Amino acid sequence: MSLAILSAALGVAGLANTHPLPPSAKFGALAAIDTSNDGRISVAEWRAAGRDPAAMAKLDKNHDGVLEPGEVKSRRGGGGPRE
Ligand SMILES: [Ca+2]
C-alpha cells in the first residue's frame, strides 16, 4: 500500500505550503503595528499604534515615510551574535 504513504506525504507537504508567514511577520515585535498586513508600516499605522513619529523618522533610513522590515532590523548595529 505505498499509495497511502505517498498521499500522506503529499498531505504533509501541502499543509506546510498553506501556512506562509504574512508579510508583517518580518517586523517581529513590530508586526502588530502593520495593521494593513502588507509588510510596510506607514506613518498612519505608526501613529495609530501610539508611537512617537520622531522615533519612526530615525528608523526610516531612506526617508520615504514608510518602514520596511530591513530598516527596522538594521537598527541593531553590526556585529550582533549569529545563531
Ligand atoms: Ca523607509
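Structure's up top.
Residues numbered from 1 in each chain as written. Predicted model: local features only at pLDDT ≥ 70, side-chain atom pairs only at ≥ 80, totals over all residues.

Asks: Honestly, the overall build of the protein in this entry has me stumped. Any pointers?
Replies: Helices and strands together make up the secondary structure of the protein, namely 4 helices and 2 strands. Beginning at the N terminus, the succession of helices and strands in the protein can be written as α-β-α-α-β-α. Taken over 83 residues, the protein has a buried fraction of 12%. Here the analysis covers contacts within the protein between residues at least 6 apart in sequence; of these, 22% occur between residues at least 24 apart. (Helix = DSSP H or I, 4+ residues; strand = E, 2+ residues; numbered from the N terminus. Buried ≥ 20, exposed ≤ 12 C-beta atoms within 10 Å, placed from the backbone. Contact = placed C-beta atoms within 7 Å.)

Asks: Just to check I follow, could you spell out the environment of A44 for this structure?
Replies: Residue placement: A44 occurs in helix α2 (residues 43-48). For A44, a count of 11 C-beta atoms within 10 Å corresponds to the exposed category. As for A44 and I33, which are separated by 11 residues in sequence, their C-alpha atoms are 9.8 Å apart.

Asks: So what exactly am I meant to see when it comes to the nonpolar core here?
Replies: For soluble globular proteins, the rule of thumb is that nonpolar side chains tend to be buried together. Within the largest apolar cluster, 7 residues are counted, these being F27, I33, I41, W46, M56, L67 and V72. Discounting chain neighbours no more than four positions away, the residues touching L67 are R40, I41, M56, L59, D60 and V72. (Core = buried A, V, L, I, M, F, W, Y, C linked by C-beta atoms within 7 Å.)

Asks: Got a minute to help me understand unusual backbone geometry in this structure?
Replies: Leave glycine aside and you will find that most residues have negative phi; peptide bonds, for their part, are mostly trans. The backbone of N37 shows a phi angle near 60 degrees, a positive value even though the residue is not glycine. Secondary-structure assignment places N37 in the loop between α1 (2-17) and β1 (41-42). Residue class for N37 comes out exposed when judged on the 11 C-beta atoms lying within 10 Å of it. In this model, H63 sits at a positive phi of 55 degrees, which is unusual for a non-glycine residue. Structurally, H63 can be placed in the loop between α3 (53-59) and β2 (66-67).

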